[in-house]
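# Structural description and commentary
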Amino acid sequence: MENREDLIKITEKDTQVTKEEFDKLLWPKMRETTDYLKRKGITHLNVRHFAKGEPTKTSIVSIEAEQQRPLYQWIINNQVWGKTINITFNQPEKAALSKTSFGNTDFKEPNGVLIDVDTVRKAGTSATIQMVSVSEKIVKKIEKLWKDLGINNYLVAFSGNGMHIILHGDFKNYPNTFRKKLLEALASEFDEPEAKIDTVTHDAARLTKLYGCIATKGDPTEETPHRQSYIVSIHEDKKTNDLSKLNQWVEETLKKNQSEARKTPTLEKKKMVWMKGNAKKWADHYGFSYKEKAGDKPGITILSFEKCPMKDHTNSPYGFALIQSGDFVMVQCMHESHKEITIYDFNELYPRPDEAKIGQKPISQTHLSAGEKYDFFPYLLSNEGLVWKKGDDKKIKISSPVYINGIKKSIEDNTVQYQLMYKSNDLWEKIWVDGSYIQAGMLKKLSRVGLEFKANFENNLVDFLIEQKQTVEVCYSHKRIGWDFRHMEPVFRLFNSYGNANDMFVSQLDEGAIFDLKPTGNYDTWLQMVKTDVLGTYMEMMLAVGFASMVFAYLKGTTYPELTAPFINLSNRTSTGKTTSQVFAVSLFSSPNSSMDSMNATMNSIIGTLANNHGILYALDELATNSTIDVTQLVYAVSTGKDRKRLNQDGTIRKRSSFSTMILTSAENPLTTFVKNETGMRARIIEFSGKTWTKSASSSEKIKQVSNNNYGQAGIKFVKRLFEEGHQIITSTFEEEKRVMIAELPQSSVKERIANNYALITTAARLVIQLLEIPIRYDFIKNELILLEQEAIEFAKNEQQGIDEKVLEFLLSNGQHFVQFSNAKKPVYNAWGICQRKNDYIQVNIFKNKFEDVVKKLANVENPKRIIQELIDIGMIYKEGDRKNKRINVDNRKRVPTYEFHLDLEYAAYFSFSLPRSLEINAKEITQQEISIDDIAPDDLEF
Ligand SMILES: [Zn+2]
């Protein structure tokens, strides 16, 4: 649209189009316009030019001549070649041709209509390119509609500030209202905030631009230049448009939109009529000139504007007024096209300045009862009830006293709750209701709690409440706890919210939240207990663990999204302060009552509890082997922050809840007894086994008691100090701690992940020392963690060594399950494979599936593949070339896969083969001992 070389664009005041430019660039385009109209059967145009302070220039000009000389001459004679020129586009009655201008009655059968897709802008200004592009988009949509409805004849033009469509067709076959309805239907379907279809351009004498002329609105600027209007495209198929399908579309569209409009309560529209404010201050702010006069009713002032500030009305600029009534302002414009404008439309273009705002004092129930009245024009609230001032003297009591006293808004989903104060049977009542109640049709449902109002006036009551609630401060609430990264700066949410973010909402924890984070007791009491009973004990570890969860959630939410949460277990057969440790650790942020569950929790309830938790530690007490919880699943869920099972019981996919926090469990036995021995599991668990956490039983009791009565204090102090120091210290400390761990941890396949886990705890330890200035022993904590890993590696090694022995023992103790082909008389039920005595070994083939089942049980793994590979690697399973299993004949036809073992001959007896003579003596001894490969030296195997 912009920057076409053949188009004139004026960006500076006082620049004029020359006669030469007119002949070369403007006139040819005007000719295109008149030629098009000629083809639509138009012979005469009313040509008009409006000039400020001058009489309008108007003539009837014939466009029948080939070269359009009369029109050209008119433009030259009137010297308007650089000005906006308007024309009619319908064919007038013969009788009107002698006039100097046309009125609507001069057209008997108008067959054209102007669809003006105008940009929304202040009066007396030109549009910006962005505004124009929205009107282009709307025209594209209308053209698509035309195509669907078989309309092939129309003209699309750029008006200089928006887009036009000129549509001619057999309008004479339809009622005269068709053109009006068409515009209304198009507007209801395609209007956008930045550009709207003018619904008043349906009249027969309507003027449009003589496309090609310059559109001169306001002073031209680089951004809002005076642009040349021109025809964008002409669509013609030499027939007259059949408008029957369009007519049908119009009727259907209006019907549909009207029923929709009916569904939205009328008060929506009514509410939009008034806005609180001071009209004079508002008008003065924008420098409008107006005359002030008293309204015909008392208390009403009318500011009558010199000209409409919202649109350049072509006929008369007068008729626009701001009307002040009490504290409220409304707008009125007498022009047809502004019939429905409201103060809210005005506010869009000329936002209400601060000085024009009027603050309404909030309603106080005490003052109300004492006789104070609150004016929310046209409503008046008093202790007697709510009155609607319908007209001059007409006052209707619509309800008992009622108002909104509090507003709570959720920062997560924007849901709103209102606290209604209302008088029921002469007593004040209070109730929190869902936001959806404050609308027509819903309010009456509150009659069950005693809300008293006249049913006919439900709309009015809603209207009043919507207006009145503007005086009530909104309190925000949050369900998400811990870190929140949806702001410019991270925010940490406990009972209150903490952080440096400018856009942070001051919000409080939702009342229905699972974790109780409202602090109790005091920090000093807690600190005293830490000094006397925690420092110097293993419990120092728990002080770090208690903060490690928030360290984890911070890192996961910022620089380390791939980080997984370690699952921490405290195991010991005797009671040595495990529960106390858990209470102490969770109490840093929360009430242990709310953040600790016993083992009657289910997998679903645990995941539900953790939802929206980003850093507040959670504890499960007394994990037991007989629990219904699948601990393996739980460890996965916690470490990934997602529920692994995604299906509900009915098989539908459940919305996955997300969280990023750590879990602290306690049990008699190490977690390894609960979980499948899968690869990677070790890297997800930190096991504190057999530790003594407290000094004594009485010290343990004291820690528990103080923690239960002074919870939340340390966490708040920690968080506040963290924001003072800069939350980024979490990342820098963690990176340093991870380097230390990588340097000091023993080598293993999961070293990197173990380092992450431990660095979370040592980072927390460092922060406790730095932020809370509590001298816990960093070196002790770090060294204990490294020791844990050394023990874990040792333990894993022993486990691994055992598996080949377990398999051997298993095969030997089940020799009777293997079929001997050489001993066909011996019946074998429940066969697991075959065995054969070879020259220098016993060959045992065990069915593949059977063996994989056995390995699962022996090694306690879900997937036996890794163990089987290990057995192949150490040469225990015999491998022929690349084949891991070998197919054997079970009868003459079928071959099934097996794993093959070559066992030493001294085990022959276990499979009912005779022993080689040279081994007989040794074998007797062996059977009396525990079976062990180590006991047989290679030399003994000679025979
Ligand atoms: Zn107006």
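In this convention, every chain numbers its residues from 1, walking through the sequence in written order. Reporting of local features is limited, given that this is a predicted model, to residues whose pLDDT is at least 70; pairs of side-chain atoms are given and counted only at 80 or more, and all residues count toward the totals for whole chains, interfaces and linings. Remark: hydrogens and water are excluded; side-chain values derive from all non-hydrogen atoms of the structure.

### Side note on the overall build of the protein
- Only DSSP runs of H or I covering at least 4 residues are called helices, and only runs of E covering at least 2 are called strands; the numbering of each starts at the N terminus. Scanning the protein from N- to C-terminus turns up 24 helices and 40 strands.
- Exposure classes here rest on a 1.4 Å probe applied to the protein chains alone. A residue is buried below 20% of its type maximum, exposed above 50%, and partly exposed in between. A burial count over the protein gives 51% of its 943 residues as buried.
- It only takes one pair of heavy atoms within 4.5 Å for two residues to be counted as in contact. Within the protein, contacts between residues separated by at least 24 positions form 66% of all contacts whose residues are at least 6 apart in sequence.
- Element-wise, carbon and sulfur atoms account for 48% of the exposed surface of the protein, whose accessible area totals about 45800 Å². Exposure was quantified through the Shrake-Rupley algorithm and a 1.4 Å probe, taking into account, for residues, occlusion by the shown protein chains and nothing else.

### Observations regarding the coordination of the zinc ion
- Distances define the donors: N, O and S atoms within 2.8 Å of the metal qualify, as do those within 3.2 Å of Na, K or Ca. Water is excluded, so some sites may look unfinished. Protein-derived ligands of the zinc ion are Cys308 (SG), His313 (NE2), Cys333 (SG) and His338 (ND1), with the metal-ligand distances lying across 2.0 to 2.3 Å.
- Only four donors with every angle between 85 and 135 degrees are called tetrahedral; only four or six donors with opposite donors over 155 degrees apart and all others between 65 and 115 are called square planar or octahedral, in that order; all others are irregular. Coordination at the zinc ion is tetrahedral, judged from the four donor atoms that bind it and the angles of 101 to 123° they form at the metal.
- Sequence spacing of the donors to the zinc ion: C-x4-H-x19-C-x4-H. Remark: His338 occurs in the loop between β16 (328-333) and α8 (343-349) and Cys308 occurs in the loop between β14 (300-305) and β15 (320-325); sequence separation between them is 30 residues. For the residue pair Cys308 and His338, the accessibility class agrees, reading buried in each case.

### Some words on the pattern of salt bridges
- By salt bridge we mean one thing: a side-chain nitrogen of Lys or Arg within 4 Å of a carboxyl oxygen of Asp or Glu. Going through the model one piece at a time under the given rule, you end up with 30 salt bridges.
- A salt bridge links Lys702 to Asp533; the shortest N-O distance between them is 3.0 Å. Of this pair, Lys702 sits in helix α17 (residues 697-709) while Asp533 sits in helix α11 (residues 523-534), and the two are 169 residues apart along the sequence.
- Here Lys702 falls in the partly exposed class, since its relative accessible area comes to 38%.
- We note a salt bridge from Glu752 to Lys738, for which the minimum N-O separation is 2.7 Å. Here Lys738 lies in helix α19 (residues 729-744) and Glu752 lies in helix α20 (residues 751-772), a separation of 14 residues in the sequence.
- The class of Lys738 is buried, set by a relative accessible area of 14%.
- It is possible to trace a salt-bridge network through shared partners that takes in Arg39, Lys40 and Glu236.

### Topic: the pairing of strand β7 (residues 162-168)
- β7 sits mainly inside the fold: seven of its seven residues count as buried.
- Bridge count for strand β5 (residues 112-119) against β7 is seven bridges, and the pairing is antiparallel. Bridged to Ile115 within β7 is Ile165.
- Where strand β6 (residues 154-158) meets β7, five bridges bridge the pair, whose relative direction is antiparallel. Counterpart to Ala157 in the pairing with β7 is His164. By this definition, two strands are paired if DSSP reports at least two bridges between them.

### Observations concerning the environment of Gly441
- Along the polypeptide, Gly441 turns up in the loop between β23 (427-434) and α10 (458-468).
- Using a relative accessible area of 28% as the deciding quantity, one classes Gly441 as partly exposed.
- Taking the C-alpha atoms as reference, Gly441 lies 9.6 Å from Ala455; in sequence the two are 14 residues apart.

### Some details on the nonpolar core
- In this text, buried Ala, Val, Leu, Ile, Met, Phe, Trp, Tyr and Cys residues form a nonpolar core when linked through side-chain atoms within 4.5 Å. Membership of the largest hydrophobic core comes to 106 residues, with the highest contact counts inside it found for Trp526, Leu543, Phe547, Phe584, Phe688, Ile761 and Ile774.
- With 13 residues, the top contributor of residues to this core is helix α12 (residues 540-557).
- Each residue touching Ile774, except ones within four places of it in the same chain, is listed here: Tyr523, Trp526, Leu527, Val530, Leu535, Leu543, Val768 and Ile769.
- In terms of nonpolar packing, the next biggest core, distinct from the first, is built from 37 residues, Val139, Leu149, Tyr230 and Leu254 among them.

### As for the packing of aromatic side chains
- Aromatic contacts are taken between Phe, Tyr and Trp rings whose centres are within 6.5 Å, Trp giving its six-membered ring; a plane angle under 30 degrees counts as stacked, one over 60 as edge-to-face, and the others as tilted. Applying the stated criterion across every chain yields a total of 46 aromatic pairs.
- Ring centres of Phe22 and Tyr72 lie 5.9 Å apart, and the angle between their planes is 35°; this geometry places the pair in the tilted category. Placement of the pair is Phe22 in helix α1 (residues 19-39) and Tyr72 in helix α2 (residues 69-78), with a sequence separation of 50 residues. Both residues of the pair, Phe22 and Tyr72, count as buried.
- Members of the aromatic cluster, connected to one another through ring pairs, are Trp282, Tyr286, Phe288, Tyr290, Phe305, Phe320, Phe346 and Tyr350.
- The rule for a charge over a ring is simple: NZ of Lys or CZ of Arg within 6 Å of the ring centre, and within 35 degrees of the ring normal. We note Lys408 situated over the ring of Trp432; from NZ or CZ to the ring centre the distance is 4.5 Å.
- The ring of Trp832 is capped by Lys850, whose NZ or CZ atom sits 4.1 Å from the centre of that ring.

### Some points on the packing of α11 against α17
- In contact at an axis separation of 10 Å, α11 and α17 are set at 160° when each is read in the N-to-C sense. Overall, the two elements α11 and α17 adopt an arrangement that is roughly antiparallel. Considering only the axes of α11 and α17, their crossing is left-handed. Contacts between α11 and α17 pair Thr525, Trp526, Met529, Thr532, Asp533 and Val534 from the former with Ser699, Lys702, Ile703, Val706 and Ser707 from the latter. An axis is simply a line fitted to the C-alpha atoms; with a helix, the fit covers only the stretch in contact. Between two such axes, the angle follows the N-to-C directions and lies from 0 to 180 degrees. Between 65 and 115 degrees an angle is taken as roughly perpendicular, under 35 as roughly parallel, over 145 as roughly antiparallel, and anywhere else as oblique. Two helices cross in a left-handed way if the nearer one is turned anticlockwise from the farther one by less than a right angle. They cross in a right-handed way if the turn is clockwise.

### Regarding the sheet that holds strand β3 (residues 57-62)
- The sheet built from four strands is open, its strands ordered β3-β2-β4-β9 with antiparallel pairing. The sheet is open, and its two borders are formed by β3 and β9 (208-209), each paired with just one other strand.
- Its contacts with the sheet place α2 against β2 (44-49) and β3, and it is angled at close to 160° to β3.

### Some details on unusual backbone geometry
- Phi at Asn414 takes a positive value of approximately 65°, unusual for a residue other than glycine.
- By secondary structure assignment, the location of Asn414 is in the loop between β21 (402-410) and β22 (416-424).
- Unlike most non-glycine residues, Ser912 shows phi in positive territory, near 65°.
- Positionally, Ser912 belongs in the loop between β40 (895-903) and α24 (920-928).

### As for empty space enclosed by the protein
- For each structure, a 1 Å grid was placed over the protein atoms alone; sets of points admitting a 1.4 Å probe that cannot get out are labelled cavities, open sets with protein on both sides within 12 Å along at least five of seven lines are labelled pockets, and lining residues have an atom within 4 Å of a point. Grid points are joined across faces, edges and corners, and a volume is the space filled by probe spheres set on the points. This model, assessed by the stated rule, comprises one cavity of 30 Å³ or more.
- The volume enclosed by the largest cavity comes to roughly 30 Å³.
- In this structure, the largest cavity is lined by Thr33, Tyr36, Leu37, Ile87, Phe89, Leu155, Ile166, Thr208 and Tyr211.
- When residues in the lining of the largest cavity are grouped by element, the largest group, three residues, is from α1.
- Grouping the constituent residues of the lining of the largest cavity by class yields seven nonpolar, two polar and no charged. Residues are grouped as follows: Ala, Val, Leu, Ile, Met, Phe, Trp, Tyr, Cys and Pro are nonpolar; Asp, Glu, Lys and Arg are charged; all remaining types, including Gly, are polar.

### Describing the packing of helix α18 (residues 713-725) against α20
- Running from N to C, α18 and α20 cross one another at 85°; their axes reach a closest spacing of 9 Å. If you check the angle between α18 and α20, you find them roughly perpendicular. Touching Ala714, Lys717, Phe718, Arg721, Leu722 and Glu725 of α18 are Leu767, Val768, Gln770, Leu771 and Leu772, all from α20.
- Taken together, the residues of the contact of α18 with α20 sort by class into seven nonpolar, one polar and three charged.

### A look at α18
- Expected span, for any helix, means 1.5 Å times one less than how many residues it has. Its 13 residues place the ends of α18 19 Å apart at the C-alpha level, agreeing with the 18 Å of an ideal helix rising 1.5 Å per residue.
- Buried residues of α18: Gln713, Ala714, Gly715, Ile716, Phe718, Val719, Arg721, Leu722 and Phe723, and no others.

### Side note on the confidence of the model for the protein
- Scored from 0 to 100, pLDDT records how confident the predictor is in each individual residue. On average, residues of the protein score 85 in pLDDT, and 89% of them reach the 70 mark or higher.
- Of the regions scoring below 50 in pLDDT, residues 263-271 engages in 16 contacts with residues more than four places distant in sequence or in other chains.
- Counting contacts from residues 923-943, a segment whose pLDDT is below 50, to residues more than four positions away or on other chains yields 26 contacts.

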